[in-house]
Amino acid sequence: MDPFDAGAGGILRQPKAVWATAGASVVAFMGIGLVDPILPSIAKGLDASAGQVSLLFTSYFLITALAMLVTGFVSSRIGGRKTLLLGLAFVVVFAGLAGTSDTVGQLVGYRAGWGLGNALFVSTALAVIVGAAAGGSAAAILLYESALGLGMACGPLLGALLGDASWRYPFFGTAFLMAIGFLCITVFLKEQPKPARKTSLLDPIRALGHGGLASAAVSAFFYNYTFFTVLAFTPFVLNMTPYKSGAVFFAWGVLLAVFSVLVAPRMQRRFGSLKVLGGSLVLLAADVLVLGYGNHTAAIVCTILSGAFIGVNNTVYTELALGVSDAPRPVASAGYNFVRWFAAAAAPYFAPKIEEWTDVHIPFVVAAVTALLGAVVVVVRRRALTYDAEELEPKHASEDSVTVFAN
């Protein structure tokens, strides 16, 4: 059945509960790149250095990484609806508080609380959407993938539009939108059955004992360092107005979404997952080198172009993580993300430090090296990664791609 079919079960004929959760998901994913175009404005407004302001990403993703051990534990005990509402409540409170910050330390702390709320929400949203959807999971998964892509693309744009007036407004705007999402889910979403088996805090760690899953996580760790060097450090290098920076990262987000959902699966079918991943990582390394050493125009073009490679990598890493071991998919996802999100926390902290110790080019050299290290792990551990990377069923690949990225 065509998931775009307007008939029963199509993407356009879903219950209000599905639309409410998907709408809130868009805003949740917007929160990842929301601060990108306003990082220089925040630094100026709070009299902070680039390194201090980049901690907005570090605190957010450090808490997100640690929360991977908690989200399954919580949702398997209190249910999906209550977990969504708890996560939304955290985001509303801490995003609102972030807009009132007088120091960068306060803002970093509030951003950490925001990260906990976002982790609770996005790690549960897909399961809730699929459970509440009409006509099977295909249309629901497509709707969630669309929400993910739309959120990643529009986050920088919203940050630019509101941040042009004041760096505080994007935080207030996010709190307001998430409050609407909270009300919609409260009204339209009924509680769903709890999982048959409760997840323990150590299950994700135990899952990493599988060599294939551990290899995917380590490779993704190196890749994510490159990814978040681009996302968190490049705005300072571009040094553009919020509007212009927002436009750049909007285009980046559009490429990320298109290549993740549409292009990567076609490339995998033609060339194989591991070849696609290795090639994409090498091209990403070359791209960030040109970004670091090229002129301003080249830096803009390479920033946008990196979205294509990042989109491909996200999809393939997802399949590796969830297809390579026999652990339950939510548990494998949590273990994989527990490892890789630490790199997302490290890159925004170390990139400005490396610039202070050396010059503005070297952070991108380091990012290129980490992308290549990710490719080396894939090549060296290809036997451990091959089976499910090549034989994973397309429907599973589609479902898990949003699961892992969301988690």
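As a reminder, the structure under discussion sits directly above these lines.
What counts as what
Residues numbered from 1 in each chain as written. Predicted model: local features only at pLDDT ≥ 70, side-chain atom pairs only at ≥ 80, totals over all residues. Heavy atoms only, no water. Helix = DSSP H or I, 4+ residues; strand = E, 2+ residues; numbered from the N terminus. Buried < 20%, exposed > 50% of the residue type's maximum accessible area, 1.4 Å probe, protein only. Axes fitted to C-alpha atoms, helices over the stretch in contact; angles between N-to-C directions. Parallel < 35°, antiparallel > 145°, perpendicular 65-115°, else oblique. Contact = heavy atoms within 4.5 Å. Nonpolar A, V, L, I, M, F, W, Y, C, P; charged D, E, K, R; others polar.

Peer 1: Whenever I open this one, the environment of F176 confuses me. Can you help?
Peer 2: Note on placement: F176 falls in helix α7 (residues 169-188). A relative accessible area of 55% means that F176 is categorised as exposed. A C-alpha to C-alpha distance of 8.1 Å links F176 and G96, two positions 80 residues apart in sequence.

Peer 1: Mind showing me how you'd approach unusual backbone geometry here?
Peer 2: Peptide bonds are mostly trans, and most non-glycine residues show a negative phi. The phi dihedral of D47 falls on the positive side, at around 50°, and the residue is not glycine. Positionally, D47 belongs in the loop between α2 (39-45) and α3 (50-78). Owing to a relative accessible area of 72%, D47 belongs among the exposed residues under this scheme. In this structure, N239 takes a positive phi of about 50° despite not being glycine. Examined against the element boundaries, N239 turns out to sit in the loop between α9 (211-238) and α10 (242-271). When its relative accessible area of 60% is taken as the criterion, N239 is described as exposed.

Peer 1: I tried to follow the packing of α10 against helix α11 (residues 273-293) on my own but got confused; where do I start?
Peer 2: The axes of two packed helices give the description: the angle between them and the distance between them. Orientation of α10 relative to α11, taken along the N-to-C sense of each, is 120°, at an axis distance of 7 Å. As far as their axial angle goes, α11 and α10 are oblique. Mapping the contact onto sequence places M267, Q268 and F271 in α10 and S273, K275 and V276 in α11. Of the residues assigned to the contact of α10 with α11, the class counts are three nonpolar, two polar and one charged.

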